[in-house]
Each structure stands twice: as C-alpha cells, then as structure tokens.
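Here are the chains, one letter per residue:
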Amino acid sequence: IQLAMENEQHLSELSDLAGSFKEAQIVEFIFLLAEKWHLDQPVKYQAVELLERFMIKQVEQICKSSRDNVRSDEQEGSRWSSLKDQFCDTFVLRLVSCVQLASKLSLHYNIVNSDTALQFLQSLKYSYTKQELLESELAVLKTLHFQVNVSTPLAYVELLLEVLGHNGCLLPVKPLHQMSVQLLDFSYLTRDPIYSTLLKMAIENSTPSQLQVAKFLAVKEDSMLLAVGIISTSVFILEPRHWAQVVEHLSSVTGITSQSISEFSCAVLKHIVGSPTP
C-alpha cells in the first residue's frame with residue numbers, strides 16, 4: 001500500500017521532462033560503473049533515478065530563473081549556450097556523485113569512497129580534486145533537498161514477488177527473481193523502444209500524435225506497471241503454465257488490468273526476440 005501511494009504521488013507530480021535523462025547510453029554507463037565497482041544490485045537503479053531527478057531539477061531551476069529575468073534574445077541565447085557547456089562539462093562528475101550517493105544509501109559493505117571515484121575520473125582525463133567531488137555530492141543533495149532515498153522499480157518487483165509467494169503462487173523464487181532483475185536491466189536499456197511499442201499497441205496506431213505521446217508519459221514513469229510487467233514476462237519465460245494465474249494475482253493486488261499487464265509483457269518479449277544474440 002505504501003509503495004502504491006508513493007507511486008501515485010510521483011505520477012501526480014510528474015515533470016514534463018521525466019525520462020529525459022534515462023537514455024540508453026546514460027543508463028549503460030551507470031550499470032557498467034556499478035559492475036566495475038562491484039556494487040549491490042539496487043545501487044545502479046537508485047543512481048539512475050537520482051541522476052534523473054537531479055538533472056530535471058537543475059533544468060527546471062534554470063528555466064524558472066530565465067522567466068524571472070527578462071533578457072534580450074541575444075543575451076538569452078548566450079546564457080543558454082554557457083549553461084549547456086556547463087552541463088556537459090560537469091555531467092560525468094554529477095553521474096559519479098549519484099553513484100557514490102546511491103552506494104551509501106544501499107547500506108552495503110562496498111561503498112564508493114572519494115579515492116575510488118577520483119581515480120576513475122582521472123582515468124577519463126578529468127582533473128577534479130577531492131574538494132570538488134565533495135562539493136558535487138553536496139550539490140546533488142541540496143538540489144534534491146536531501147530527499148534521495150526513494151523506492152526504485154526493483155523494490156516494487158521484490159515486494160510483489162513476496163506478495164505472490166504469500167498468496168500461494170508456488171513458483172521457483174530464486175530463478176524468478178534472477179530473471180526479473182535481468183529483464184529489469186533490459187527494460188532500462190531499451191526503455192524507449194519498449195514503451196514506443198506499448199503506446200502503438202494501446203492506441204492501435206503506428207504513428208501516435210504528439211498529444212498521445214505526452215499523455216503516455218505517466219505510463220512510462222509508472223513503477224508499479226513496470227514491476228508487474230517484468231514479473232509477468234519472467235513467469236511467461238520460466239513457468240508459462242502459471243502465467244495466467246500470476247497475471248490474475250498481480251491484477252488483483254495492484255488494480256492494474258490483466259490486459260495492461262499482458263500488453264506490457266508482449267512489448268518486452270517483442271524486443272527480446274528482436275534483440276541480437278550476445
């Protein structure tokens with residue numbers, strides 16, 4: 001119930017920029033960095049969400065500042081160009097800071113310290129100091145008003161798996177969890193293609209309008225829908241004979257229709273089948 005309320009609150013306050021900083025390259029960078037540093041599984045998702053929320057806040061603050069200060073078009077163009085350069089110059093630093101903060105939030109024994117982060121940044125030819133690294137962490141914290149410990153889609157997946165077990169769905173828990181995590185990774189890395197397919201299925205049209213795309217943003221940011229879709233797809237792959245029962249359970253627990261869950265699974269499976277073999 002708490003997660004459902006949190007999800008609804010998030011969707012009600014959704015920014016028009018939501019998802020802008022979850023591009024595949026950014027997500028892949030964070031995932032590979034988390035793997036390099038042997039971080040706990042939830043850390044990479046937390047880092048993606050932290051970076052997304054931080055960057056959106058930054059952009060919104062700049063837009064507000066622009067509206068409050070009347071400038072000529074030439075002055076405004078110059079200012080935006082300067083800010084864009086600043087964003088690009090500090091983006092990797094901010095990304096590393098988000099991974100650092102996420103590692104600290106995980107309460108895992110393996111926390112990314114300043115020396116490790118600096119060594120990595122130096123390997124990319126950045127010359128930041130330890131002080132600049134600390135200031136970057138603080139900038140993220142202050143921008144987010146220190147509200148950094150939010151539930152990631154993985155938390156939704158794991159809790160719903162527990163609920164399924166409690167409700168009597170006798171499924172192999174460990175393989176199902178492993179498959180769900182793999183599919184969650186996949187959904188993060190192929191986010192736009194999956195949701196594009198889902199939108200086209202929902203409107204039964206291959207060329208959605210801008211308005212339909214805008215209205216679909218809430219669907220793309222719905223962590224509960226993502227979680228039930230991931231579990232449903234995992235069950236379909238591992239235990240197809242139990243799939244209909246699990247979808248029914250998930251629907252009754254979350255209030256998401258069986259059709260919506262099925263369509264999400266179809267969209268994910270379509271892109272799994274279409275993906276090149278490693």
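In this report, we go over the structure that sits alongside the text. (Residues numbered from 1 in each chain as written. Predicted model: local features only at pLDDT ≥ 70, side-chain atom pairs only at ≥ 80, totals over all residues. Heavy atoms only, no water.)

### What to know about the overall build of the protein
Line of reasoning, step 1. Within the protein, the regular secondary structure consists of 14 helices and zero strands.
Line of reasoning, step 2. Of the regular secondary structure in the protein, the N- to C-terminal order runs α-α-α-α-α-α-α-α-α-α-α-α-α-α.
Line of reasoning, step 3. Residues counted as buried form 45% of the 278 residues belonging to the protein.
Line of reasoning, step 4. A separation threshold of at least 6 residues defines the contact pool for the protein, and within that pool the share at least 24 residues apart is 77%. (Helix = DSSP H or I, 4+ residues; strand = E, 2+ residues; numbered from the N terminus. Buried < 20%, exposed > 50% of the residue type's maximum accessible area, 1.4 Å probe, protein only. Contact = heavy atoms within 4.5 Å.)

### Digging into the side chain of Thr233
Line of reasoning, step 1. Positionally, Thr233 belongs in helix H12 (residues 223-238).
Line of reasoning, step 2. Polar side-chain contacts of Thr233 include one of 2.6 Å to the backbone oxygen of Gly229.
Line of reasoning, step 3. Not counting residues up to four positions away in its chain, the partners in contact with Thr233 are Leu183, Ser265, Val268 and Leu269. (Polar contact = N/O pair within 3.5 Å; in protein donor to acceptor, adjacent residues only side chain to side chain.)

### Section: H12
Line of reasoning, step 1. The end-to-end C-alpha separation of H12 is 22 Å, in line with the 22 Å expected for 16 residues at 1.5 Å each.
Line of reasoning, step 2. Burial analysis of H12 places 13 of its 16 residues in the buried class, which makes it a mostly covered element.
Line of reasoning, step 3. Of the residues flanking the start of H12, the one acting as N-cap is Asp222, its side-chain oxygen 3.1 Å from the backbone nitrogen of Met224. (Expected span 1.5 Å × (residues − 1).)

### Quick look at a nonpolar patch on the surface
Line of reasoning, step 1. Where nonpolar side chains cluster on the molecular surface, the patch consists of Phe236, Ile237 and Leu238 and spans about 230 Å² of accessible area.
Line of reasoning, step 2. You can see Ile237 is positioned in helix H12. (Patch = residues over 30% accessible without salt bridge, like charges linked within 9 Å, V, L, I, M, F, W, Y side chains within 5 Å. Areas by Shrake-Rupley, 256 points an atom, 1.4 Å probe, with all protein chains shown as cover. Salt bridge = Lys/Arg side-chain N within 4 Å of Asp/Glu carboxyl O.)

### Brief notes about the pattern of salt bridges
Line of reasoning, step 1. Under the defined criterion, the tally for this structure stands at nine salt bridges.
Line of reasoning, step 2. For Glu137, the salt bridge is made with Lys104, and the minimal N-O distance between the two is 2.8 Å. Of this pair, Glu137 sits in helix H6 (residues 130-143) while Lys104 sits in helix H4 (residues 73-105), and the two are 33 residues apart along the sequence.
Line of reasoning, step 3. Among the residues examined, Glu137 registers a relative accessible area of 6% and is labelled buried.
Line of reasoning, step 4. Here Glu221 ties to Arg191 by a salt bridge, and the two come within 2.3 Å at their closest N and O atoms. Separated by 30 residues along the polypeptide, Glu221 in the loop between helix H11 (217-220) and H12 and Arg191 in helix H9 (residues 191-203) bring together distant segments of the chain. For the pair formed by Glu221 and Arg191, the shared burial category is buried.
Line of reasoning, step 5. The structure contains a network of salt bridges with shared partners spanning Lys22, Glu49, Arg191, Asp192, Lys220 and Glu221.

### A short note on the side chain of Ser251
Line of reasoning, step 1. For Ser251, the position within the fold is in helix H13 (residues 243-254).
Line of reasoning, step 2. Not counting chain neighbours up to four residues away, the residues in contact with Ser251 comprise Ile256, Thr257, Ser258 and Ile261.

### Considerations on the nonpolar core
Line of reasoning, step 1. Membership of the largest hydrophobic core comes to 78 residues, with the highest contact counts inside it found for Ile30, Trp37, Leu51, Leu95, Val96, Val99 and Ile231.
Line of reasoning, step 2. Shared between two domains, this core holds at least three residues of each, these being domain 1 (1-144) and domain 2 (153-273). (Core = buried A, V, L, I, M, F, W, Y, C linked by side-chain atoms within 4.5 Å. Domains from an automatic or database assignment.)

### With respect to unusual backbone geometry
Line of reasoning, step 1. Positive phi, normally seen in glycine, also occurs at His38, with a value near 55°.
Line of reasoning, step 2. Counting through the fold element by element, His38 comes out in the loop between helix H2 (24-36) and helix H3 (41-68).
Line of reasoning, step 3. Of note, the phi angle at His145 is positive, near 55°, even though the residue is not glycine.
Line of reasoning, step 4. Here His145 is to be found in the loop between H6 and helix H7 (153-166).
Line of reasoning, step 5. Its relative accessible area of 54% is what places His145 among the exposed residues.

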